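# Analysis of the macromolecular model
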Amino acid sequence: QVQLVESGGGLVQAGGSLRLSCAASGRTFSSYLMGWFRQAPGKEREFVAGIRWSTGSTYYADSVKGRFTISRDNAKNTVYLQMNSLKPEDTAVYYCAAGGTTIMTLSGMDYWGQGTQVTVSS
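Below or above, wherever it landed, is the structure these notes cover. (Residues numbered from 1 in each chain as written. Predicted model: local features only at pLDDT ≥ 70, side-chain atom pairs only at ≥ 80, totals over all residues. Heavy atoms only, no water.)

## Comments concerning the nonpolar core
With 29 residues, the main nonpolar core has M34, W36, L81, M83 and Y94 as its most contacted residues. The set of elements that each furnish at least two residues to this core consists of β3 (18-25), β4 (33-39), β5 (46-52), β7 (68-73), β8 (78-83), β9 (92-99) and β11 (116-121). Grouped together as the second largest cluster of nonpolar side chains are 5 residues, L33, F37, M104 and M109 included. (Core = buried A, V, L, I, M, F, W, Y, C linked by side-chain atoms within 4.5 Å. Buried < 20%, exposed > 50% of the residue type's maximum accessible area, 1.4 Å probe, protein only. Helix = DSSP H or I, 4+ residues; strand = E, 2+ residues; numbered from the N terminus.)

## A short note on the pattern of salt bridges
Two side chains of opposite charge can pair, provided their charged atoms sit close to one another. Within the structure shown, the criterion is met by 4 salt bridges. The salt bridge involving D90 is made with R38; its shortest N-O contact spans 2.9 Å. Of this pair, D90 sits in the loop between β8 and β9 while R38 sits in strand β4, placing them 52 residues apart in sequence. There is no split in this pair, since D90 and R38 are both buried. Between K65 and D62 there is a salt bridge, and its shortest N-O distance comes to 3.2 Å. (Salt bridge = Lys/Arg side-chain N within 4 Å of Asp/Glu carboxyl O.)

## A word on the pairing of strand β1 (residues 3-7)
Side-chain positions along a regular strand alternate between the two faces of the sheet. Burial along β1 is one-sided: the face carrying L4 and E6 is buried and the face carrying Q3, V5 and S7 is not. Direction of pairing for β1 relative to β3: antiparallel, over a ladder of 5 bridges. For S7, the partnering residue across the bridge sits in β3 and is S21. (Pairing = 2+ DSSP bridges.)

## As for the state of the cysteines
Counting across every chain of the model gives 1 disulfide. Bridging C22 to C96, the disulfide has an S-S length of 2.0 Å. Sign of the S-S torsion, about -80° for the bond between C22 and C96, identifies this disulfide as left-handed. With C22 in strand β3 and C96 in strand β9, this residue pair connects regions lying 74 residues apart in the sequence. (Disulfide = S-S within 2.5 Å.)

Written out as structure tokens, the structure is:
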């Protein structure tokens, strides 16, 4: 049974930092894209950042470039999202996802975590 378990969300003031973790289990993800999407109240779920497990290549939404960093730990089968210089507009539920695809799209993801809330106060 494949599981993606997120942790690390919380409440932070604008300008602060948080690190999200996504622990993956249940299959080999070596050929997968893994990453993060987010969904704010009343808005559609959107791509945030992705990483190709095999090569470490990373991808970012324009809105988070230069502020967020995605990384992976092969030994722990875990993906991280370091979020710095957080803004109120970053407030959302953040979802970890994994897909055997070439690009990070909602429809391309095969597995999803349960989500973790990130709230940035102004």
